[in-house]
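# Understanding the architecture of this molecule
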Amino acid sequence: MKILVLDDETKIQGILKGRLEMDGHEVFTAESGEAGLAIISQHQPQLVLLDLSLKGKLDGREVLA
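Residues numbered from 1 in each chain as written. Predicted model: local features only at pLDDT ≥ 70, side-chain atom pairs only at ≥ 80, totals over all residues. Heavy atoms only, no water.

Right, let's get into the overall build of the protein chain. Counting secondary structure elements, the protein chain contains three helices and three strands. Beginning at the N terminus, the succession of helices and strands in the protein chain can be written as β-α-β-α-β-α. Across its three principal axes, the protein chain shows a C-alpha extent of roughly 30 × 25 × 15 Å. Sequence-distant contacts in the protein chain: of pairs separated by 6 or more residues, those separated by 24 or more amount to 57%. For the protein chain, the exposed area adds up to about 4,200 Å²; of that, 54% sits on carbon and sulfur atoms. Side-chain charges of the protein chain comprise 7 positive and 11 negative groups, with the mean position of each set lying 2 Å from the other. (Helix = DSSP H or I, 4+ residues; strand = E, 2+ residues; numbered from the N terminus. Contact = heavy atoms within 4.5 Å. Areas by Shrake-Rupley, 256 points an atom, 1.4 Å probe, with all protein chains shown as cover. Lys, Arg positive; Asp, Glu negative; His and termini not counted. Charge placed at Lys NZ, Arg CZ, Asp CG, Glu CD.)

What follows is about the nonpolar core. Formed by L4, L6, F28, A30, I39, L54 and V63, the largest nonpolar core amounts to seven residues. Those elements giving two or more residues to this core turn out to be strand 1 (2–6) and strand 2 (26–30). (Core = buried A, V, L, I, M, F, W, Y, C linked by side-chain atoms within 4.5 Å. Buried < 20%, exposed > 50% of the residue type's maximum accessible area, 1.4 Å probe, protein only.)

Summed over the entire model, instances satisfying the criterion amount to two salt bridges. Across the salt bridge formed by E21 and K17, the nearest N and O atoms sit 3.4 Å from each other. One end of the pair is E21 and the other is K17, both in helix 1 (residues 10–22) and four residues apart, which spans about a single turn. With its nearest N and O atoms 3.6 Å apart, the salt bridge here joins R19 to D23. On the basis of relative accessible area, D23 is assigned to the partly exposed category, the value being 46%. (Salt bridge = Lys/Arg side-chain N within 4 Å of Asp/Glu carboxyl O.)

Attention now moves to the environment of L49. For L49, the position within the fold is in strand 3 (residues 47–50). A residue is classified by how much of its surface remains accessible, and L49, at 31% relative accessible area, is partly exposed. Linking L49 and K11, residues 38 residues apart in sequence, is a C-alpha distance of 14 Å. Residue contacts for L49: discarding those within four places in its chain leaves I3, L4, V5, L6, L16 and L20.

Bringing the side chain of D7 into the picture now. Tracing the sequence through the fold places D7 in the loop between strand 1 and helix 1. K55 is the oppositely charged side chain nearest to the buried, salt-bridge-free D7, at an N-O distance of 7.9 Å. Setting aside residues no more than four positions away along its own chain, D7 makes contact with I12, Q13, A30, E31, D51 and L54.

Function-wise, these values are silent; they only describe arrangement.
Structure below.
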């Protein structure tokens, strides 16, 4: 399964990515809403783990919308 971990904390990204890859998933990571939307457009992940309180121009709620 393709999964996007969209979180502005790289430590959380790394933990989730490592665990999900051990389970055989293809994992993408992004630190901003803009980068996350680009990955969604390009790779079309089946699951997005989204931090609703992202820092930057687009927060998690705006990405979700």
